[in-house]
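Understanding the architecture of this molecule
As a plain string of letters, each chain reads:
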Amino acid sequence: MKRFVVKLGGSLLFDDDGSVKIDFVKNTLTVLREAAKDDTKIIVVVGGGVTARKYIHQARPYVENESALDQLGILASRLNAALLHSIYYKTFPVIPSSLEELARIVASALPVIFMGGLQPGQSTTTVSALAAEATGSQLIIATDVEGVYTADPKRDPSAKLLKSVSIDSLIDIFSKVQKAGEYRLFDSLTLQIIKRAKIHTRVLKGDPPENIIRAIEGEDIGTLIEPA
Ligand code: UTP
């Protein structure tokens, strides 16, 4: 049985006003159903997107507790995961809230498992690395650009797409840019987990969703992160 964790950024699934991009979501679910056919299990980690940001932004003036604000983001990402689960299975959504619960569901017959955040102080990208480590999965990070660039491609037109990059170079790139508060594709915890567990990781554009199948089938698409 092959296992993959797919991180789906909120920006792929929702418009700026928070409404679901239903055609994109339906196409993505069709792709996941297709990919999960051949003895393959897929864990989908869904980002909090605009819903998380809206709730956190609205509560912040009244709540001086970052973990409480994080919890709003976590619940928003789980709500997004529940939306995908209910559309996919047309049943009551069950969203794991810990790695222990995830491991239990992975042991069941469900071919595709949807989840969101787990605990304060991290991102859903970190969750995707933790889930990949815990379940022995490859990691696919589906985002809104073609892969990992030398700098934030939305801010720096000279940024170059990397076909592959070592985990140590990536740690280097992101330790520098994070200080400037830019290029937030990876945080250091995520990179440390990818490094210590030597997780096979690919970053790619989630639109069109067929890119996910191409990566699952082993095509060299987007950016491959090479373990140290
Ligand atoms: P995301 O990681 O989804 O942030 O978590 P995002 O920037 O909106 O990502 P995309 O674009 O949807 O992929 C949303 C918020 O939820 C909290 C954090 O506050 C984060 O900013 N969170 C999420 C946690 O505290 N822990 C988690 O495990 C996950």
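Below you will find a few notes about this structure. The structure presented is a predicted model; accordingly, all values stated were derived computationally and were not measured. (Residues numbered from 1 in each chain as written. Predicted model: local features only at pLDDT ≥ 70, side-chain atom pairs only at ≥ 80, totals over all residues. Heavy atoms only, no water.)

**What to know about the sheet that holds strand β4 (residues 138–143)**
Spatially, the seven strands line up as an open sheet ordered β3-β2-β1-β4-β6-β7-β5, and their pairing is mixed. Of all strands in the sheet, those with a lone pairing partner are β3 (112–115) and β5 (164–166), marking the two edges. Strand-to-strand, the axes of this sheet are offset by a mean angle of 20°, without reference to chain direction. Bridging between β5 and strand β7 (residues 223–226) involves three bridges; their strand directions are parallel. The partner of serine 164 across the bridge, within β7, is leucine 224. (Pairing = 2+ DSSP bridges. Helix = DSSP H or I, 4+ residues; strand = E, 2+ residues; numbered from the N terminus. Axes fitted to C-alpha atoms, helices over the stretch in contact; angles between N-to-C directions.)

**Remarks on the pairing of strand β1 (residues 2–8)**
Counting buried residues along β1, five of its seven residues qualify, which places the element largely inside the surrounding structure. Pairing of β1 with strand β2 (residues 40–46) involves seven bridges; the strand directions are parallel. Paired with valine 5 across the bridge in β2 is isoleucine 43. Judged from the five bridges that link them, β1 and β4 form a sheet pairing that is parallel. Note on β4: the bridge partner recorded for valine 5 is leucine 139. (Buried < 20%, exposed > 50% of the residue type's maximum accessible area, 1.4 Å probe, protein only.)

**What about the site of the ligand?**
Residues in contact with the ligand amount to 21 residues; listed here are only the nearest, Gly48, Gly49, Asp70, Gln119 and Thr124. Between glycine 48 and the ligand, the recorded distance is 2.5 Å, taken from a backbone N or O atom to an oxygen atom. Measuring from an oxygen atom of the ligand, one finds a backbone N or O atom of threonine 124 at 2.7 Å. Within the complex, 81% of the 590 Å² of free accessible area of the ligand lies under protein. Within the residue set of the shell around the ligand, elements represented by two or more residues are α3 (49–59), α4 (66–89) and α6 (124–135). Sorting elements by how many residues they give to the shell around the ligand places α3 first, with four residues. By residue class, the composition of the shell around the ligand is six nonpolar, 12 polar and three charged. (Near = heavy atom within 4 Å. Polar contact = N/O pair within 3.5 Å; in protein donor to acceptor, adjacent residues only side chain to side chain. Areas by Shrake-Rupley, 256 points an atom, 1.4 Å probe, with all protein chains shown as cover. Nonpolar A, V, L, I, M, F, W, Y, C, P; charged D, E, K, R; others polar.)

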